[in-house]
Amino acid sequence: MCAGVVLRSDAVKLVVHARHTSQRCPRCGHTGRANRPDRDHFRCRRCGLAGPADVVAGVDVRDRARSAWAFVTMPVPQPA
């Protein structure tokens, strides 16, 4: 599953793969099925971060998009 965002028709579409975003802790990076005790709740088994599962997954998607955006907007190196 992928999430895409387009702000304008001439904008670049940034695609973020959502794999494991509902199981990954945005604070410490620990990924595991046990972090999702049920459909609606998230609790990291390593650092204890807890919250609504959809909100935590949204934070992970946002962080992945920010990391990808750094590469998209990076200046192209010029040959020496």
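The structure under discussion appears in the preceding block.
Residues numbered from 1 in each chain as written. Predicted model: local features only at pLDDT ≥ 70, side-chain atom pairs only at ≥ 80, totals over all residues. Heavy atoms only, no water.

## Observations regarding the overall build of the chain
To keep things clear, this is the line we draw: Labels follow the DSSP assignment, with helices taken as runs of H or I lasting at least four residues and strands as runs of E lasting at least two, numbered in each case from the N terminus. The classification of residues rests on relative accessible area computed with a 1.4 Å probe and restricted to protein chains. Under 20% of the type maximum is buried, over 50% is exposed, and intermediate values are partly exposed. Note on contacts: a residue pair is in contact if any heavy atoms of the two residues lie within 4.5 Å. Only the protein chains shown count as cover for residues, and the accessible areas themselves come from Shrake-Rupley with a 1.4 Å probe.
Of regular secondary structure, the chain possesses one helix and four strands. Reading the helices (α) and strands (β) of the chain from amino to carboxyl end gives β-β-β-β-α. Here the chain holds 80 residues, and the buried ones make up 19% of them. Considering only intrachain contacts with a sequence separation of at least 6, the fraction spanning at least 24 residues in the chain is 29%. Only carbon and sulfur atoms are counted for the fraction: they give 56% of the accessible area of the chain, which is about 6100 Å².

## Quick word on the environment of Arg-45
Relative to the assigned elements, Arg-45 resides in the loop between β3 (41–43) and β4 (50–52). Taking C-alpha positions, Arg-45 is 9.8 Å from Arg-33, a pair spaced twelve residues apart along the chain. The contact partners of Arg-45, leaving out residues within four places of it in the chain, are His-30, Ala-34, Asn-35 and Pro-37.

## Let's talk about the nonpolar core
We apply this condition: Here the nonpolar core consists of buried residues drawn from Ala, Val, Leu, Ile, Met, Phe, Trp, Tyr and Cys, with membership extended through side-chain atoms lying within 4.5 Å.
One finds Cys-25, Phe-42, Cys-44, Leu-49, Ala-53 and Val-56 forming the largest nonpolar core, which totals six residues. In this structure, Leu-49 is in contact with Cys-25, Pro-26, Arg-27, Phe-42, Arg-43 and Cys-44, ignoring residues within four places of it in sequence.

## What to know about helix α1 (residues 53–72)
Heads up, the condition is: Multiplying 1.5 Å by the residue count of a helix minus one yields the expected span of that helix.
An ideal rise of 1.5 Å per residue puts 28 Å on 20 residues; α1 measures up with 29 Å between its terminal C-alpha atoms. Among the residues of α1, those classed as buried are Ala-53, Val-56, Ala-57, Asp-60 and Ala-65. Those residues of α1 that are buried are in contact with β2 (14–17), β3 and β4.

## Observations regarding unusual backbone geometry
You will see that His-20, though not glycine, has its phi angle at about 65°, which is positive. The topology assignment puts His-20 in the loop between β2 and β3.

## Focus on the side chain of Thr-21
Under the convention used in this document: Throughout this description, a polar contact denotes any pair of N or O atoms lying within 3.5 Å of each other; where both atoms belong to protein, one of them has to be capable of donating a hydrogen while the other can accept it, and for residues adjacent in sequence the pair is counted only when both atoms sit in side chains.
Position of Thr-21 relative to the elements: it lies in the loop between β2 and β3. Side-chain polar atoms of Thr-21 contact the backbone oxygen of Ala-18, separated by 2.9 Å. Residues in contact with Thr-21, not counting those within four places in the same chain, are Val-56, Ala-57, Asp-60, Val-61 and Arg-64.

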